[in-house]
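Given next are the chains, with one letter for each unit.
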Amino acid sequence: MKERVVLDVSKLPMHGMGIASPAWWGTCAFMLIEGSGFALAIAIYFYLFSLAPKWPIDAPSPDLFAGTVLTLLLLASIVPNILVSRWAKARALAKVRIGLIVMSLLEAAPLALRIFEFPAMHVSWDENAYGSIVWTLLGLHTAHIITDLIDTLVLTCLMFSRHGDNTRRYGDVEDNALYWNFVIVAWLPLYVCIYWVPRL
């Protein structure tokens, strides 16, 4: 009878992080789908722009203040977001907890500014094609901010619970940080479309 050689994998971690995690690949696929949605929305924006004799239609250009402050706030959140991701990779629980609290606040702040952005468009969502598309772009991005904020708040609660200090949760924190970077990157072309294209 032949002796079987068995590979001992008992010392491998129960959950992978980064590219070793199915959740990471799922997050990337999700971002690809959502990025395609943003690209289609931007294509519709430029299609309507090409048809309109004047852009914006029956409205002045949007006020820059709220949108620009929001953009600067999103860009400023990159630094703590990268730090949280690094701390999660190093499994520094105390730092991750503090970082998630900071990120929760930084992700909630744009929602307060977004309240001022919709009136800054100077057009209602149902007034004309221009109003519909700019409100759609703002609405899509707002939904993404809310989605990531909820995820961050849930992770913050988990990291302060008995479930916090394990590999899977740290991987979730890394994936969440990756998604927030996507939320920021997705906003930049939207900001240009909404606030600067009408000024051309």
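Residues numbered from 1 in each chain as written. Predicted model: local features only at pLDDT ≥ 70, side-chain atom pairs only at ≥ 80, totals over all residues. Heavy atoms only, no water.

**Q** Help me understand the overall build of the chain, please; the structure alone is not making it clear to me.
**A** Along the chain, the regular secondary structure elements total six helices and zero strands. Secondary structure of the chain in N-to-C order comes out as α-α-α-α-α-α. Relative to its length of 200 residues, the chain is extended, with a C-alpha radius of gyration of 21 Å against a globular reference of 16 Å. Once the C-alpha set of the chain is aligned to its principal axes, its extents read approximately 85 × 40 × 25 Å. For the chain, restricting intrachain contacts to residue pairs at least 6 apart in sequence, the fraction spanning at least 24 positions comes to 81%. Put simply, the chain shows about 11300 Å² of open surface, and 71% of that area lies on carbon and sulfur atoms. (Helix = DSSP H or I, 4+ residues; strand = E, 2+ residues; numbered from the N terminus. Rg over C-alpha atoms; globule rule 2.2 N^0.38 Å. Contact = heavy atoms within 4.5 Å. Areas by Shrake-Rupley, 256 points an atom, 1.4 Å probe, with all protein chains shown as cover.)

**Q** What is the right way to look at the pattern of salt bridges in this model?
**A** When their charged atoms lie close together, side chains carrying opposite charge are able to pair. Per the stated rule, a full pass over the model turns up two salt bridges. Note that glutamate 117 and arginine 114 form a salt bridge whose closest N and O atoms lie 2.4 Å from each other. Here the residue glutamate 117 and the residue arginine 114 both occupy positions in helix α4 (residues 93-120), the gap between them amounting to three residues, near one helical turn. With respect to class, glutamate 117 is no different from arginine 114; both count as buried. (Salt bridge = Lys/Arg side-chain N within 4 Å of Asp/Glu carboxyl O. Buried < 20%, exposed > 50% of the residue type's maximum accessible area, 1.4 Å probe, protein only.)

**Q** Explain the packing of aromatic side chains to me, please; I cannot follow it from the model alone.
**A** To describe a pair of aromatic rings, you give the distance between the ring centres and the angle between the ring planes. By the definition in use, this model includes 12 aromatic pairs. Ring geometry for phenylalanine 38 against phenylalanine 182: centres 6.3 Å apart, planes inclined by 50°, an arrangement best described as tilted. Pair noted here: phenylalanine 38 is in helix α1 (residues 22-51) and phenylalanine 182 is in helix α6 (residues 167-196), with a separation of 144 residues, a long-range link. Comparing phenylalanine 38 with phenylalanine 182 shows no difference in burial state: the two are buried. Among the aromatic residues, those joined into a ring-pair cluster are Tyr45, Phe46, Phe49, Trp55 and Tyr130. Here the basic side chain of arginine 97 rests over the ring of phenylalanine 160, its NZ or CZ set 5.0 Å away from the ring centre. (Phe/Tyr/Trp six-rings, centres within 6.5 Å; stacked < 30°, edge-to-face > 60°. Lys NZ or Arg CZ within 6 Å of the ring centre and 35° of its normal.)

**Q** Quick question: what am I supposed to make of the side chain of threonine 142 here?
**A** When you line up the elements, threonine 142 lands in helix α5 (residues 129-159). By relative accessible area, threonine 142 is classed as buried at 13%. Polar side-chain contacts of threonine 142 include one of 2.8 Å to the side chain of arginine 114. Residues within four places of threonine 142 in sequence aside, it is in contact with Leu111, Arg114 and Phe118. (Polar contact = N/O pair within 3.5 Å; in protein donor to acceptor, adjacent residues only side chain to side chain.)

**Q** What's the story with the side chain of threonine 71 in this structure? I'm lost.
**A** Mapped onto the secondary structure, threonine 71 falls in helix α2 (residues 65-76). In contact with threonine 71, other than residues within four places in its own chain, are Trp187, Leu188 and Tyr191.

**Q** Sorry if this is basic, but what is going on with the packing of α4 against α5 here?
**A** Each packed pair of helices is defined by two parameters, the angle between the axes and the distance between the axes. The N-to-C vectors of α4 and α5 enclose an angle of 155°; their axes lie 9 Å apart at closest approach. Taken together, α4 and α5 sit at an angle that is classed as roughly antiparallel. The two elements α4 and α5 meet at a crossing, and its hand is left-handed. (Axes fitted to C-alpha atoms, helices over the stretch in contact; angles between N-to-C directions. Parallel < 35°, antiparallel > 145°, perpendicular 65-115°, else oblique. Left-handed = near helix turned anticlockwise from the far one by under 90°.)

**Q** Explain empty space enclosed by the protein here, please?
**A** To find leftover empty space, a probe the size of one water molecule is rolled over the atoms. In the structure shown here, the tally under the stated rule is one cavity of 30 Å³ or more. Counted as a void, the largest cavity has a volume near 40 Å³. Lining the largest cavity we find Asn81, Val84, Leu100, Met103, Glu107, Thr152, Val173, Asn176 and Ala177. Looking at the lining of the largest cavity, the elements that each hand over two or more residues are α3 (78-89), α4 and α6. Of the residues in the lining of the largest cavity, the class split is five nonpolar, three polar and one charged. (1 Å grid on protein atoms, 1.4 Å probe; cavity = no way out; pocket = protein on both sides within 12 Å on 5 of 7 lines; lining within 4 Å. Points joined across faces, edges and corners; volume = space filled by probe spheres on them. Nonpolar A, V, L, I, M, F, W, Y, C, P; charged D, E, K, R; others polar.)

**Q** Before we go on, may I ask you to explain the packing of α3 against α6 in this structure?
**A** In contact at an axis separation of 8 Å, α3 and α6 are set at 160° when each is read in the N-to-C sense. Between α3 and α6, the crossing angle belongs to the class labelled roughly antiparallel. Of the two elements, α3 crosses α6, and the hand of that crossing is left-handed. Facing Ile78, Asn81, Val84, Ser85, Ala88 and Lys89 of α3, the residues of α6 in contact are Tyr170, Val173, Glu174, Ala177, Trp180, Asn181 and Ile184. The class makeup of the residues in the contact of α3 with α6 is eight nonpolar, three polar and two charged.

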